[in-house]
Amino acid sequence: MGNAFRNKDGKYIDYTQILRFTFDGKIYQGYKGDTLASALLANGVHLLGRSFKYHRPRGIVAAGADEPNALVTVQRDHARTTPNVKATQVELYEGLIAESQNRWPNLRFDVGALNTLISNFIPAGFYYKTFMWPRQAWGKFYEPFIRGVAGLGVAPTEADPDRYSQRFAHCDVLVVGAGRAGLAAAMEAAEKGLRVLICDEQNMFGGSLLSNADVQSTESLLQTMEKLHQYSKVTCLKRTIAFGYFPHNMIGLCERLTEHLPNPAKGDVRERLWQVRARHVILATGALERPLVFPGNDRPGVMLAGAARTYLNRYGVLPGKNIACVVGHDNGYLAALELQQAGATIAVIADVRTKPVGRYIEQARQAGLPIRSGMTVTGTGGYRRVRNISVAPIVNGNIDASDTIRCDTVLMTGGYTPSVHLFSQSRGKLEWKSEQNAYIPSQSTENLSSVGSAAGLAGNDRGVIGALPMTNKSTAFVDWQNDVTVKDIDLATREGFHSIEHIKRYTTSGMATDQGKTSNINTLGIVSNILQKPVPEIGLTTFRMPYTPVSFGIFAGFARGDLFDPVRTTPMHSWAIEQNAVFEDVSLWKRARYFPRNSESMNEAVARECLAVRASCGLFDASTLGKIEVVGPDAAEFLNRMYINAWSKLTVGKCRYGVLCREDGFVMDDGVVGRLATDRFHLTTTTGGAARVLAMMEDYLQTEWQDLQVWLTSTTEQWAVIAVQGPRARDIIAPLISGIDISAHAFPHMSIGEGTIHGITMRLMRVSFTGELGYEINVPADHGRAIWEAIYEAGQAHGITPYGTEAMHVLRAEKGYVIIGQETDGTATPDDVGLSWAIGKAKPDYVGKRALIRQAMQAPTRKQLVGLLTLDDQVVLEEGAQICATAANTPPMQLIGHVTSSYYSATLGRSIALAMVAGGRTCYGKTLYVLMPSAAIPVTLTAPVFYDEKGEQVNG
Amino acid sequence: MRLYSGFALLKAGFNGQKNWQSLWRSPEPKPAYDAIIIGAGGHGLGAAYYLAKQHGIRNIAVLEKGWVGGGNTGRNTTIIRSNYLFNESAALYDHAVKLWENLSQTLNYNVMFSQRGVMMLAHNVHDVQVFKRHVHANRCNGVDNEWLSAEQAKVFCPPLNISANMRYPILGAALQRRGGTARHDAVAWGYARAADDLGVDIIENCEVIGIRRDATGAVEAVETSRGLIRTKKLGVSASGHTSVVLGMAGVRLPLESYPLQALVSEPVKPVFPCVVMSNTIHAYISQSDKGELVIGAGTDAYTSYTQRGGLHISSHTLEAICELFPMFRRMRMLRNWGGIVDVTPDRSPIIAKTPVPGLYVNCGWGTGGFKATPGAAHLLAWTMAKDEPHTINAPYTIERFRDGYLIDEAAAAAVAH
């Protein structure tokens, strides 16, 4: 049966290009210009899917984005599988492979259809009333079963290899929808010389014009397109759906670029996200046809009348040969006339209105079509395809005896509903027009206009909404995909769900992948009828983005792999790679964690690196530390207010360790601040804190302290920072340096100066995070690697050893120096971590000062930084382990602290740890217990300094 | 109340499911109540239920500006867990989890609490330290939480990408097996039905516009869009709008309200077995019983009462989802929505008496209120009934922001919750 339902009059079908495709493994033929839906219909295939809950056989209802039933999975290969695609939106290509969904073992015989038999027992929301006993059975039995039955298609199981892209655009006028109204609006704007962007979800412009039979429609469309293309400032985007309306006239578009191609080239962009900011938005989104709600309205072969016209006129496909029409709108007559013209038999036109009058009705009468008015539908027959329809007249409000009429297709129409989705998303106000049976745009909050039928329908073109008079409500579907019937809505209202939001959530009407395009307005009508309240009193569910489902991929765009987040590397990164460094992620940075030699483990490498620093000298890349240049006449005053420390007396050429608190008094960041001139400071921050600190400082400067003349510049990337640490540090760098006397006497610990190293300008700081004699050499980033190598070279004779962040952590822990974010956790005050000495007590104020005088901040039970030594000196504690005063190890325990840092110290030949312990500073020497699942490990509380307690080494 | 059960459903099946009653009545407000709660979300309805059930107060009204469960109860991603760091937090959230475990039976309403496990991913050394600290603290507090290697995490959640080549490779995960999800609407409906059955008046479309205080300063009535209603005990549980309501009684709260977004994909067959959270790269995902991937995004950076967030915020979350689960790039967003969350300076809630006698508040749940629903409700009811806090909510005062006794989970863990 090849294209038995195809004629030669499809206006947008290229009959010269035959395309072969498979559906559920069977090969069919279609033509260029077809959708999967039109091609299947041409082959007489109406059964395309199964419904969500009852697994009822379902066919094609619509011809576009409103399709609720005909969902398929389109497969290119294992990774490029797309579930839940509407067959009405799949452009046919040679070799297309589509599969039906939600059926087992196959589409024709689906075991799940047994659910229909028990439909009386599983009404809307049945799952809230049962599956509660026994308690454990929900998670173990009921839920897995429900989950297995639910869901539609199968998600891809392999990584999607396709690419997605993103683009930002601005325009004077964005026109959404390229039907008659949208094209006219775009043309008018183009003629005024404006920058216009016009988009449409279909593969060609024209909107409903494409579905018309008359020659004029086609010609006017061709002419318009030709003219529009002449304007250079006009951008036309086909296959592009406007899915979301965001504040300030920002519209999200999704452009599909390769879905219609048989073999997209590798690397082609599959879909593109456009974020368009428009001066003015014109919504020409048209209107959606309303189905009718009657018993058996879900059988394959029951279709919207307008959709049938589209299939006939655009694709040259007859949905059937013996057609019954149920109409609540004149459009149904037009469909009947056109189909009759194309050779179909019209079995009946059952008009649900009592006295329909109009142009098409008159034409239908003249054509001799069997019109019956004042009718309702009492049922349809057939299983995998509709075979007959029973219609009955309404007499005095009652359903009279019905006639059963044979047919192979039922067309239905309840009229049109303006597509106000985007308007509503823009937070525009909708207004109910009962003469149109529709919500139409009223006041808008954005600079936009609605045009064409999106703005409202002509005259009193109201059609019908809600359900037709019926007795059997259990097969009258309102939401096809989610299997919501009139009976379900009845039940929901009986159970007290009167708000439309409740009815939606309880019955799931309107929550399927068609997002209620065919169901929402009928649900409102039905509820309005049941509760005997006007529609506006029922409420309206919020229209939410997206208008139609859009791929996650477009939002992720380029953000994958290394582009997921910028990777920041230091100027010495390549050197570290060459030296076989192992890296760790610290905020956006890659930092060398250790430099293993041969087959060293991390612990072995770290031990060697630590010993080298203590014995001779280590070389460390500190470039990731945040750096801020603070300049201006009030720079010192600014730092006074910002840091807990006092800065006024810091002389030029000196550095000081600074601590920064948040407004709530908790330590936020630390670093060294060096004074280069009376009005110029060089600040360092933690690696992770750089952006935060700068933002906080700017925030204060711009909002609280506008009186200060201070300018802040981030210089993090400008300087490469090479830390040379160890007793031989001076010997190594001295020969390379000129312009500064770095002798112990002239350049003591905590000095800063400017000079050159190896001929390159340098800022030299004598600082130490290891407790050893140390320098941090700041050179312009471009020279970082060269200077690093020069120092490394010069240090060879002294056994200079590169070390990474792990050794750095151990070295500083031996000295009890805290790491922000490790010892502190956003709940530690300066005093808690032993830094109260840094507070400038004479200062009138600083960020956090007011908070620090609060009761809780003074409490003696606050956790304080201490050292821990395990009784067994080879046991290394686990960071994060909890501390208790007793060895009792069953919950609940009285927890008094936790281990913050814990290492094996090669220098000391034993393990060491830092911890925060309640009132810890008063308990040195006491034995506490670190609680592990297996045992409570005894530890002795000590001061948090394990090496060189007098601090003599730094002054070497 | 007609009991719900499989048998009742079966029986009803033979008469067309006709005899079910309204879950709750729609009463006209009475002139006075012994207690009034503002906000008919899960927290407010639950508080009314526990007041009636456990404290013998039956003359109660719950006032709701819109419809039952229309606020954050029906807008969240339904994640439930209790593996919080601090003792106070673990006690609070685990109190809730214990109530969750029997909630369907308690309410005779299936809230579909599903203990499918909540797994939190560690992406760097700092994360590992933080999560291990959580695991240790939780164990000592009797809360289940275990550390998994990346490979073990992959076994628990097969779609997870544990490639070392990721931008932020997964170094391990903390798993709370008792954590999971529940059906959010059902929680509101179940509490509403059970409270109504105990005589509680649930009054929808009733906006509070003023709070009247007597000469001593104590609460005496609320002014509403449906008239004046007297009461001497007023509980406020209005999430994002709590500061507005409390302002009517002259109480200023340290709250900021932000839009928070979530989204779901189209439904697919079971593909995602648990809940996965990654605080470092901002991804929160599970799969609903219906088959939709349920994904939570972050808050906007600015305060607002609009129930929608910025596109860049949801995009950022989808970037993270696609990075962790690259097979989901072809999945499609079906619906995106927003709610208004009220955030305190320490990201922990307030469940407490206020300086105004007779006025009680339950707020500041930020992005994590749903998981606490039964616990918060129970504690608010207790506090209102006894005019003093339960030991569990005693630390959650308003005064802690003045005195500095903060319970700073966000600072401690850099964790959204």
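Residues numbered from 1 in each chain as written. Chains lettered and ligands numbered in written order. Predicted model: local features only at pLDDT ≥ 70, side-chain atom pairs only at ≥ 80, totals over all residues. Heavy atoms only, no water.

(A) Spatial organisation of the overall build of chain B. Within chain B, the regular secondary structure consists of twelve helices and 19 strands. Here the C-alpha atoms of chain B give a radius of gyration of 21 Å, agreeing with the 22 Å that 2.2 N^0.38 yields for 417 residues. For chain B, the spread of C-alpha atoms along the three principal axes comes to 65 × 65 × 40 Å. Scored against the burial criterion, the 417 residues of chain B give a buried share of 69%. A sequence separation of at least 24 residues applies to 75% of the contacts in chain B between residues at least 6 apart. Just so you have it, chain B exposes about 12700 Å², and 54% of that area is on carbon and sulfur atoms. Looking at charge distribution, chain B has the averaged site of its 41 positive side-chain charges lying 5 Å from that of its 34 negative ones. (Helix = DSSP H or I, 4+ residues; strand = E, 2+ residues; numbered from the N terminus. Rg over C-alpha atoms; globule rule 2.2 N^0.38 Å. Buried < 20%, exposed > 50% of the residue type's maximum accessible area, 1.4 Å probe, protein only. Contact = heavy atoms within 4.5 Å. Areas by Shrake-Rupley, 256 points an atom, 1.4 Å probe, with all protein chains shown as cover. Lys, Arg positive; Asp, Glu negative; His and termini not counted. Charge placed at Lys NZ, Arg CZ, Asp CG, Glu CD.)

(B) View of the environment of Tyr128(A). In this structure, Tyr128(A) sits in the loop between β7 (96-100) and α2 (137-149). What Tyr128(A) contacts, discounting residues up to four positions off in sequence, is Arg505(A), Tyr506(A), Tyr4(B), Tyr109(B), Asn110(B), Met112(B), Arg183(B), Ala186(B) and Trp189(B).

(C) Here's a closer look at the packing of aromatic side chains. Within the structure shown, the criterion is met by 42 aromatic pairs over all chains. On the numbers, 5.0 Å between centres and 75° between planes, the contact of Trp575(A) with Tyr792(A) is edge-to-face. Residue Trp575(A) is located in helix α14 (residues 573-578), and its partner Tyr792(A) is located in helix α19 (residues 784-795); the two are separated by 217 residues in the primary sequence. Considered together, Trp575(A) and Tyr792(A) belong to a single accessibility category, that of buried residues. Here the basic side chain of Lys290(B) rests over the ring of Phe52(A), its NZ or CZ set 5.5 Å away from the ring centre. (Phe/Tyr/Trp six-rings, centres within 6.5 Å; stacked < 30°, edge-to-face > 60°. Lys NZ or Arg CZ within 6 Å of the ring centre and 35° of its normal.)

(D) Seen up close, the sheet that holds strand β36 (residues 667-677) of chain A. Residues and elements named next belong to chain A. Pairing is antiparallel across the open sheet formed by five strands, whose spatial order is β35-β36-β37-β34-β38. Looking along the sheet, the strands with just one partner apiece sit at the ends: β35 (655-661) and β38 (711-714). Direction aside, neighbouring strands of the sheet carry axes that sit 25° apart on average. Sitting on the sheet, helix α16 (residues 635-642) touches β34 (626-631), β35, β36, β37 (680-685) and β38, and the angle it makes with β37 is about 30°. Lying on the sheet, helix α17 (residues 690-704) is in contact with β34, β35, β36, β37 and β38; it crosses β38 at an angle near 165°. (Pairing = 2+ DSSP bridges. Axes fitted to C-alpha atoms, helices over the stretch in contact; angles between N-to-C directions.)

(E) Here's a closer look at a nonpolar patch on the surface. Residues and elements named next belong to chain A. Together, Trp104, Val111, Leu114, Leu117 and Ile118 make up a nonpolar patch on the protein surface, roughly 560 Å² of accessible area in all. Inspection of the secondary structure assignment puts Leu114 in the loop between β7 and α2. Residue class for Leu114 comes out exposed when judged on its relative accessible area of 51%. (Patch = residues over 30% accessible without salt bridge, like charges linked within 9 Å, V, L, I, M, F, W, Y side chains within 5 Å. Salt bridge = Lys/Arg side-chain N within 4 Å of Asp/Glu carboxyl O.)

(F) Examining the interface of chain A and chain B more closely. Contact with chain A, which involves 114 residues of that partner, is made by 104 residues of chain B. Taken together, both faces of the contact between chain A and chain B bury some 9700 Å²; the carbon and sulfur share is 56%. On the surface where chain A and chain B come into contact, there are eight salt bridges. A salt bridge links Arg167(B) to Asp585(A); its shortest N-O distance comes to 3.3 Å. Top element by residues in the side of chain A that touches chain B is α2(A). It accounts for six residues. Its residues assigned to classes, the side of chain A that touches chain B shows 52 nonpolar, 32 polar and 30 charged. As defined by bridge partners, strand β30 (residues 550-551) of chain A adjoins strand β17 (residues 332-343) of chain B across two bridges and the pair is classed as antiparallel. Each bridged residue has a counterpart across the sheet, and for Val550(A) the counterpart in β17(B) is Met333(B). (Buried area = accessible area lost by both parts, 1.4 Å probe. Nonpolar A, V, L, I, M, F, W, Y, C, P; charged D, E, K, R; others polar.)

(G) Fine view of the domain arrangement of chain B. Residue and element names in this part refer to chain B. For chain B, the domain assignment lists domain 1 (3-75 + 185-254 + 346-412) and domain 2 (89-181 + 256-343). Taken together, the contact pairs 43 residues of domain 1 with 31 residues of domain 2. Between domain 1 and domain 2, roughly 3100 Å² of surface is buried when both sides are summed, and carbon and sulfur atoms account for 62% of that area. In terms of surface lost to domain 2, no three residues of domain 1 exceed Arg75, Pro374 and Ile392, which account for 17% of the buried area on that side. Linking domain 1 to domain 2 there are zero salt bridges. The interface formed by domain 1 and domain 2 includes 15 residue pairs in polar contact (both at pLDDT 80 or more). Looking at the side of domain 1 that touches domain 2, the elements that each hand over two or more residues are α2 (42-54), α7 (184-197), α8 (242-247), α10 (373-386) and α12 (409-413). Here the side of domain 1 that touches domain 2 takes seven residues from α7, the largest share from any one element. Residue classes in the side of domain 1 that touches domain 2 are distributed as 24 nonpolar, 14 polar and five charged. (Domains from an automatic or database assignment. Polar contact = N/O pair within 3.5 Å; in protein donor to acceptor, adjacent residues only side chain to side chain.)

(H) Molecular detail of the nonpolar core. In this structure, Leu197(A), Leu253(A), Leu45(B), Val68(B), Trp100(B), Tyr109(B) and Trp189(B) are the most contacted members of the largest nonpolar core, which totals 118 residues. Top contributing element to this core by residue count: α7(B), with eight residues. Split by domain, this core shows at least three residues from each of two domains, domain 1 (3-75 + 185-254 + 346-412) and domain 2 (89-181 + 256-343) of chain B. In this structure, Trp100(B) is in contact with Ile80(B), Val111(B), Phe113(B), Ala182(B), Val187(B), Phe370(B), Lys371(B), Thr373(B) and Pro374(B), ignoring residues within four places of it in sequence. (Core = buried A, V, L, I, M, F, W, Y, C linked by side-chain atoms within 4.5 Å.)

(I) Geometry of the pairing of strand β12 (residues 250-256) of chain A. Residue and element names in this part refer to chain A. Most of β12 sits out of view: six of its seven residues are buried. The hairpin turn running from strand β11 (residues 240-246) into β12, its antiparallel successor, is three residues long, and His248 in that turn takes a positive phi close to 60°. Both β12 and strand β13 (residues 269-283) contribute to a ladder of seven bridges, which runs antiparallel. In the sheet register, Leu253 faces β13, and the bridge partner there is Trp274.

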